Amino acid sequence: MAPRDSPTGSGRCLGKFTRRWGIVPTTEVILVPFAGMEKITGIGGFFFRSRDPGGLAKWYEQHFGISVVPTSYDGEAWAQEAGTTVWAPFPEDTKMFGRPEQQWMINFRVRELDAMVEQLRGAGIEVVVDPEQYPNGRFATLADPEGNPIQLWQPQVVG
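Here, residues in each chain are numbered from 1, in the same order as that chain's written sequence. In view of the model being predicted, local features appear only for residues whose pLDDT reaches at least 70, and side-chain atom pairs are presented and counted only at 80 or more, with totals across whole chains, interfaces and linings using the full set of residues. The side-chain values count all of the structure's non-hydrogen atoms but skip hydrogen atoms and water molecules.

1. Some remarks on the overall build of the protein
- Along its length, the protein carries 2 helices and 6 strands.
- Every helix listed is a DSSP run of H or I at least four residues long, and every strand listed is a run of E at least two residues long, numbered separately from the N terminus. Starting at the N terminus, the α and β elements of the protein follow one another as β-β-α-β-α-β-β-β.
- When accessible area is computed with a 1.4 Å probe and restricted to protein chains, residues below 20% of their type maximum are described as buried, those above 50% as exposed, and intermediate ones as partly exposed. When burial is assessed residue by residue, the protein has 25% of its 159 residues classed as buried.
- Each accessible area value is a Shrake-Rupley result obtained with a 1.4 Å probe; residue values ignore everything except the protein chains displayed when judging cover. Per element, the accessible surface of the protein, about 12,400 Å² overall, is 56% carbon and sulfur.

2. Digging into the pattern of salt bridges
- The salt bridge criterion pairs a side-chain nitrogen of Lys or Arg with a carboxyl oxygen of Asp or Glu, the two atoms within 4 Å. With the rule as written, the count across this model stands at 3 salt bridges.
- Residue E101 pairs with R99 through a salt bridge whose shortest N-O separation is 3.0 Å.
- By relative accessible area, which is 51% here, E101 ends up exposed.
- R99 sits in the partly exposed class, given a relative accessible area of 35%.

3. Notes on the sheet that holds strand β5 (residues 137-143)
- Spatial ordering of the open sheet is given by β3-β6-β5-β4, a layout of 4 strands whose pairing is mixed. Of all strands in the sheet, those with a lone pairing partner are β3 (106-109) and β4 (128-129), marking the two edges.
- Strand direction decides the pairing type here: β5 and strand β6 (residues 149-155), joined by 7 bridges, are antiparallel. When the bridges of β6 are listed, T141 appears paired with Q151. Paired strands, in this sense, are two strands between which DSSP finds at least two bridges.

4. Observations concerning the pairing of β3
- With burial as the criterion, only one face of β3 is covered, namely that bearing I106 and F108; the residues N107 and R109 on the opposite face remain uncovered.
- Two elements, β3 and β6, share 4 bridges in a ladder whose sense is parallel. Paired with F108 across the strands is L152, a residue of β6.

5. As for the nonpolar core
- Formed by 19 residues in total, the largest nonpolar core has its most connected members in Y60, F64, L120, L142, I150 and L152.
- Within the residue set of this core, elements represented by two or more residues are α1 (53-64), β3, α2 (113-122), β5 and β6. Throughout, nonpolar core names a set of buried Ala, Val, Leu, Ile, Met, Phe, Trp, Tyr and Cys residues whose side chains join them through atoms within 4.5 Å.

6. Quick look at the side chain of D144
- Looking at the element boundaries, D144 is found in the loop between β5 and β6.
- Only four residue types enter the charge count, namely Lys and Arg as positive and Asp and Glu as negative; His and the chain termini do not. R51 provides the closest opposite charge to the buried, salt-bridge-free D144, at an N-O distance of 6.8 Å.
- Here a polar contact is recorded for every N or O atom pair within 3.5 Å, except that within protein the pair must consist of a potential hydrogen donor and a potential acceptor, and residues adjacent in sequence are included only if both atoms are side-chain atoms. At a separation of 2.7 Å, a polar atom in the side chain of D144 contacts the side chain of Y60.
- Of the polar contacts made by the side chain of D144, one reaches the backbone nitrogen of E146; its length is 2.8 Å.
- The contact rule is simple, with two residues in contact once any of their heavy atoms fall within 4.5 Å. Once residues lying within four places of it in the same chain are set aside, the contact partners of D144 are L56, W59, Y60 and I150.

If you want it as structure tokens, here you go:
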């Protein structure tokens, strides 16, 4: 199949593109998207507005161990462990993030959800633990001092 059959007119696709139906699966041997394409390697930063940037940065450092951004290039920034990162746009009317004007929610991976919840509750932070065990792990939710939603995720250990 010629590359022109992909939605973008170049690259590769898993089926034949039609304007009416989008990608239609096919048994023809065709190329897969992203092969040879340059991709990002991870998230290099998460930037958001705050009423009190310094205070909020210290709150995240105190409760989650996320280092305050260094003031010079000689300082060390927080480095996360390698692991799964989900990039998932949600519908505009989702209730998942809380307030309707809330545009984002961050999800942090944790090793031991119960220990993190105990630590946060010990600091007077309200945390709601989802009682369900999902195939991909366990979850809890809370908000930072400015009401930004945070989800904690303990991935399911395989094996």
